[in-house]
Amino acid sequence: MKNKLSLVWLACLLAVGVCAQDTFDTHFERKSLRVDFALSGNATYQAAAIQQLREEPVWAGPRKNLIDEFNYGGYHVYVYDKTTNELLYSRSFNTLFEEWMTTDQAKTEVQSWTNTVSIPFPKKTVVLEIAARDKKDMLFHPLLKMDIDPTSIFIDRGSLKNNQITQIQYKGESSEKVDLVFLAEGYTADEQDKFVADARRFTELLFQTAPYTDHRDDFNVWSVSLVSEEKGTDISGKGIFRNTALNSGYYTFGVDRYLTTPDMKSIRDAVWNVACDAIFILVNTDTYGGGGMYNFYAIGTADNPRTPVVFVHEFGHSFGGLADEYFSSEVAYNDFYNLEKEPWEPNITTLVDFDKKWKDLLPAGLPVPTPLNEKYKNDLGVFEGGGYLSKGIYRPMDHCMMRDYAPFCPACSRAIVKMIDFYCDREY
Ligand SMILES: [Zn+2]
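What comes next is a walk through the structure. Counting of residues starts from 1 at the beginning of each chain's written sequence and follows it residue by residue. In keeping with the predicted nature of the model, local features appear solely for residues at pLDDT of at least 70, side-chain atom pairs appear and are counted solely at 80 or more, and the whole-chain, interface and lining totals rest on all residues. With hydrogens and water set aside, each side-chain value is computed from the structure's full complement of heavy atoms.

**Section: the packing of aromatic side chains**
To be explicit about the condition: Two aromatic rings from Phe, Tyr or Trp, using only the six-membered ring of Trp, form a pair when their centres are within 6.5 Å; if the ring planes differ by under 30 degrees the pair is stacked, by over 60 it is edge-to-face, and anything between is tilted. Helix and strand assignments come from DSSP, with helices taken as H or I runs of at least 4 residues and strands as E runs of at least 2, each series counted from the N terminus. Exposure classes here rest on a 1.4 Å probe applied to the protein chains alone. A residue is buried below 20% of its type maximum, exposed above 50%, and partly exposed in between. Each ring is checked for a lysine NZ or an arginine CZ that lies within 6 Å of its centre and within 35 degrees of its normal; such an atom marks a charge sitting over the ring.
Per the stated rule, a full pass over the model turns up 42 aromatic pairs. Between Tyr212 and Phe315 the ring centres are 6.0 Å apart and the planes differ by 45°, which places this aromatic pair in the tilted class. Of this pair, Tyr212 sits in the loop between helix H3 (192-207) and strand S11 (219-225) while Phe315 sits in helix H5 (residues 307-320); the two residues are 103 residues apart in sequence, bridging distant segments of the chain. Owing to a relative accessible area of 0%, Phe315 belongs among the buried residues under this scheme. Measuring from centroid to centroid gives 5.7 Å for Phe319 and Tyr423, while their planes differ by 20°, and the two rings are stacked. Highlighted residues: Phe319 in helix H5 and Tyr423 in helix H7 (residues 410-423), separated in sequence by 104 residues. Of the residues examined, Tyr423 reaches a relative accessible area of 5% and is grouped as buried. Over the aromatic face of Phe121 sits the side chain of Lys31, whose NZ or CZ is 5.3 Å from the ring centroid.

Encoded structure:
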């Protein structure tokens, strides 16, 4: 009897899997529609506007996990069937623009930044919606809604530059793996071998770090060689400017160690023909710094002594949706978190809605918040300080990769494994 039940159960599971797969193939081609859009505004206002639509040849994302249940990020893209209004696809992400909105500059200036999302290429007309999270209610509100006809002459279907793509490790079908792509930044024509060697070295570093150690087979890893005219990157605060492929630089928002690039168009142009779920931009310099935005990109430097941990930390932001757990370093943000609401990141809490966070991982009877004393200082708990604030935000452990490059705490590890499961098209 038990065997029979198991068989029935297995048949049901298979049916659900086949059905989800059918949903993808009913509505989408196995390629991508890239949507470039501007976000413009200031500290109190933002608007979105389409810049270009592109058909691109690869869809590397999951084909069953089409609806994003994480509820992370500052933005969300939704794709609806035009006829039935059924939600077909959704995915959330962060942008650099939303960080800029919290800086002093945004109080006196209006700016416009380029962003991009890729969705599976629709077979019929769909409604695309881009929504932004309002920190007052933490809900997503529409910024832009438009019909997209997949046969439209306004979709660019052309090829872009064929850069050298190196397969660093291949473990299987891209829609069932995390496809991590390293991009070269600040490597000149005669430094391209160094770039591929650096990408291989970083791949090993990632899989030497728990929880990635147990998930090597869940990743395909690629590198895309991009030639820069000059080595390194901009250090604008010191008057240093380099002509590089992806226009990166330190001093983002005036912070010396904050290395980013606003040039999303060049980044997406570089990955147009490669399976890509996650981007890490490797910058050819030994200066300390980096950055990472959820489902956007992460960036770090190749040759600083602390590079290995910076890489894993920044990738924690961009891949895992993890918050910074530190609270004593300089940042340019004002009111980054609303303490009246629960932040969306899985590894910090304001205790407004802690049930949704790592409460289930805590032993019974543990005091919440947890005092940072001899008894608890090495345990999982709820310690005050995190998310750039020493008061009102709490972190899961005193030390973690997302604070000071210690091993990932259990809350962060669980969030990373969930994201791996999502991309591998498993239940998450
Ligand atoms: Zn952590």
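**Notes on the nonpolar core**
Our working rule: Think of a nonpolar core as a cluster: buried Ala, Val, Leu, Ile, Met, Phe, Trp, Tyr and Cys residues, connected wherever their side-chain atoms sit within 4.5 Å. As annotated, the domain borders come from an automatic or database domain assignment. Note on contacts: a residue pair qualifies if any of its non-hydrogen atoms lie within 4.5 Å across the two residues.
Of all hydrophobic cores here, the largest spans 123 residues; its most connected members are Phe182, Leu183, Tyr212, Phe219, Tyr297, Phe319 and Phe408. For this core, the element with the highest residue contribution is H7, accounting for eight residues. Here this core gathers at least three residues from each of two domains, domain 1 (24-156) and domain 2 (164-318). Residue contacts for Phe319: discarding those within four places in its chain leaves Val178, Tyr212, Phe219, Ala278, Tyr294, Ile416, Met419, Ile420 and Tyr423. Formed by five residues, the second largest nonpolar core is a distinct cluster that contains Tyr80, Val127, Ala131 and Phe140.

**So, the environment of Ile165**
On the secondary structure map, Ile165 appears in strand S9 (residues 164-169). In sequence terms Ile165 and Val224 are 59 residues apart; their C-alpha atoms lie 4.7 Å from each other. Beyond its immediate chain neighbours, meaning those up to four positions away, Ile165 contacts Trp222, Ser223, Val224, Asn273 and Val274.

**Describing the environment of Arg426**
Definition in use: Definition of a polar contact: a pair of N or O atoms within 3.5 Å, with one able to donate and the other able to accept a hydrogen when the atoms are protein atoms, and with sequence-neighbouring residues admitted only if both atoms are side-chain atoms.
With respect to the helices and strands, the residue Arg426 is situated in the segment after H7. In this structure, the C-alpha to C-alpha distance between Arg426 and Tyr170, residues 256 residues apart in sequence, is 19 Å. Once you skip the residues sitting within four places of it in the chain, Arg426 turns out to touch Asn65, His215, Asp218, Ile420 and Asp421. A polar atom in the side chain of Arg426 sits 3.0 Å from the side chain of Asp218. Among the polar contacts made by the side chain of Arg426, one reaches the side chain of Asp421 at a distance of 2.8 Å.

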